[in-house]
Amino acid sequence: MTMTPGTIAALRSTAGQDNGMLTARVHAPVLRLDRHEPWRPTAIGFSIFDEPSRSPSSKFEIVPKSHRVIEYAIFWDYDIQHLYDLEHVWIHVDANDRVEHVEASQHGRRIEMVREGGLPLENGRVTLWAEPGKHALFPGRDQMMSRESATRHECNLGAGHTGVHLGNPFSGRFGEIGAYEHRLARLQMRRFAFQPAFGETQRWDCREGDLLPWPSVERWIPERVNYLIDDLKQNLPHLKAIFLDCGDTLVDEGTEEKEPGTDVAVRAELLPYAREMMDNLRKDGYRLALVADGPRATFENLLGQHRLWDHFESHTISGDVGVLKPDARMFATAMNSLCLESADSGRIVMVGNNLERDIKGANSAGHISVFFKWSDRRPVIPIDESEEPDVTIYSLKDLVPAIEKIELSLV
């Protein structure tokens, strides 16, 4: 992803005719990117120091080792593990504009860039290797390969580990970043998981990128991050909601105690892993809706007993609606309660233990059906195609991984 033309024009107009632009362009580094690298730098902000000073874009004190130093703050939309990435290169030049020293950022450190034989120069240009996915900078392939095992893990199983990176000076200027936003960022990066080629590189010239004075890029970064997050919400395929049944899905109906002479349950035990599963779904920012058959008082009692009632954003209960699942009105009511539209149907998961009610109703509504097959209190073999679940689990411990797999497969 790159800056839109309008945004670039606006930044350049604020930059004006900066006296350091020519110097910055002359010495702008070249990056060697992995052949399978998903991203390219989006913008590069430069600063020039003729005397010791605090870096405006990093945590480091800048001390010219020769005549002056040019700092390049290279912004990437994504690191393979988090949204937002800012790497740095410092090029020290003498009074004749010859490169004397090169430093670069490497996982939070500032490292001297030296290859066997001297400075990391190719055809007179500072040329550094960007770690696949992570973008830490190395003077050559051999030094980068010292992290091969860690890099391969981070670009695959570790993809999306953090979500939106908030450990930076700009995080207070981002919009609201909660569990939902972190989940979407993680999902995006997991879809970009890749196997690094290591050694097969593409040449990316910072001189030909969007090179601007740092103050212009500094003003733009929060706008860019907010744009990226809004874009994920609008365009990244993800689950809009998870509907859950209650009896024999969250609570064990065999342990229910009812008010004498009524159908209202007053207490029951949770099924194994129900608490952990519900906590994890909420922690990951999923919108949860109860879709259950029975009197409202039953669910207020049972879910209230276990402090799970408030995990649900809405409660669609047959006793209120006046019909039982698989009636379409139950699912339509649940969708309306979350302000979802018919176009969202295919991105809703319904989890339940009843083929005739939960699974058939979900299938008819166009939802993704997950059958929790753990008890033989009800039939466990579909009578026809309408009761065939999309996914079957046998323990609530398996539900969160199943949800994640479903979400990752959405197109």
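The written sequence of each chain sets the order in which its residues are numbered from 1. Per-residue local features of the predicted model are confined to residues with pLDDT of at least 70, and side-chain atom pairs are confined, for both listing and counting, to 80 or more; whole-chain, interface and lining totals are unaffected and use all residues. As a rule here, side-chain values cover all heavy atoms of the structure and leave hydrogens and water aside.

1. Remarks on the packing of helix H5 (residues 179-191) against helix H6 (residues 214-235)
Structural elements are reduced to axes, namely lines fitted to C-alpha atoms, with helices fitted over the stretch in contact, and the angle between N-to-C directions of any two is expressed from 0 to 180 degrees. Note on conventions: DSSP H or I runs of at least 4 residues are helices, E runs of at least 2 residues are strands, and numbering of each starts at the N terminus. Interhelical geometry of H5 versus H6 gives an angle of 80° and a closest axis separation of 10 Å. Classified by the angle their axes make, H5 and H6 are roughly perpendicular. Counted together, Tyr180, Glu181, Leu184, Ala185 and Gln188 of H5 and Ile229, Leu232 and Lys233 of H6 form the full contact between these two elements. Residues belonging to the contact of H5 with H6 are distributed by class as follows: 5 nonpolar, 1 polar and 2 charged. Put simply, angles under 35 degrees are roughly parallel, angles over 145 are roughly antiparallel, angles from 65 to 115 are roughly perpendicular, and the rest are oblique. The criterion used for residue contact is that any of the two residues' heavy atoms lie within 4.5 Å. Ten residue types, Ala, Val, Leu, Ile, Met, Phe, Trp, Tyr, Cys and Pro, are classed as nonpolar, four, Asp, Glu, Lys and Arg, as charged, and the remainder, Gly among them, as polar.

2. Some thoughts on empty space enclosed by the protein
For each structure, a 1 Å grid was placed over the protein atoms alone; sets of points admitting a 1.4 Å probe that cannot get out are labelled cavities, open sets with protein on both sides within 12 Å along at least five of seven lines are labelled pockets, and lining residues have an atom within 4 Å of a point. Grid points are joined across faces, edges and corners, and a volume is the space filled by probe spheres set on the points. This model, assessed by the stated rule, comprises 1 cavity of 30 Å³ or more. Taken as a whole, the largest cavity encloses approximately 40 Å³ of empty space. Forming the boundary of the largest cavity are Asn353, Phe372, Trp374, Ser375, Arg377 and Arg378.

3. A few points about the packing of aromatic side chains
Stacked, tilted and edge-to-face are the three classes applied to pairs of Phe, Tyr and Trp rings, where Trp contributes its six-membered ring and a pair requires centres within 6.5 Å; stacked means planes under 30 degrees apart, edge-to-face means over 60, and tilted covers the rest. Tallied over the full model, the rule gives 9 aromatic pairs. Where phenylalanine 60 meets tryptophan 90, the ring centres are 5.6 Å apart and the plane angle is 85°; that geometry is what we call edge-to-face. Residue phenylalanine 60 is located in the loop between strand E3 (53-54) and strand E4 (61-62), and its partner tryptophan 90 is located in strand E6 (residues 82-93); the two are separated by 30 residues in the primary sequence. With respect to burial, phenylalanine 60 and tryptophan 90 carry one shared label: buried. Pairing phenylalanine 75 with tyrosine 84 gives two aromatic rings, centres 5.7 Å apart and planes at 75°, and the pair type is edge-to-face. The exposure classification of phenylalanine 75 matches that of tyrosine 84, with both residues buried. Among the aromatic residues, those joined into a cluster by ring pairs are Phe75, Tyr84, Phe170, Phe174, Trp214 and Trp220. Geometrically, a lysine NZ or arginine CZ counts as sitting over a ring once it is within 6 Å of the ring centre and also within 35 degrees of the ring normal. The aromatic ring of tryptophan 90 is capped on one face by arginine 110, whose charged end is 5.7 Å from the ring centroid. The aromatic ring of tyrosine 286 is capped on one face by arginine 183, whose charged end is 3.9 Å from the ring centroid. When accessible area is computed with a 1.4 Å probe and restricted to protein chains, residues below 20% of their type maximum are described as buried, those above 50% as exposed, and intermediate ones as partly exposed.

4. Notes on the sheet that holds strand E18 (residues 288-292)
Only strands joined by at least two bridges in the DSSP assignment are considered to pair. Pairing in this open sheet of 6 strands is parallel, and the strands run E19-E18-E15-E20-E21-E22 from one edge to the other. Edge positions in the sheet fall to strand E19 (314-317) and strand E22 (391-393), since each of these pairs with one other strand and no more. Geometrically, the sheet is characterised by an average inter-axis angle of 20° between neighbouring strands, direction not taken into account. Bridge count for strand E15 (residues 241-244) against strand E20 (residues 348-352) is 4 bridges, and the pairing is parallel. Its bridge partner lying in E20, isoleucine 242 is registered against valine 349. In the packing of helix H11 (residues 355-365) onto the sheet, the strands contacted are E20 and strand E21 (368-372), and the crossing angle to E21 comes to about 165°.

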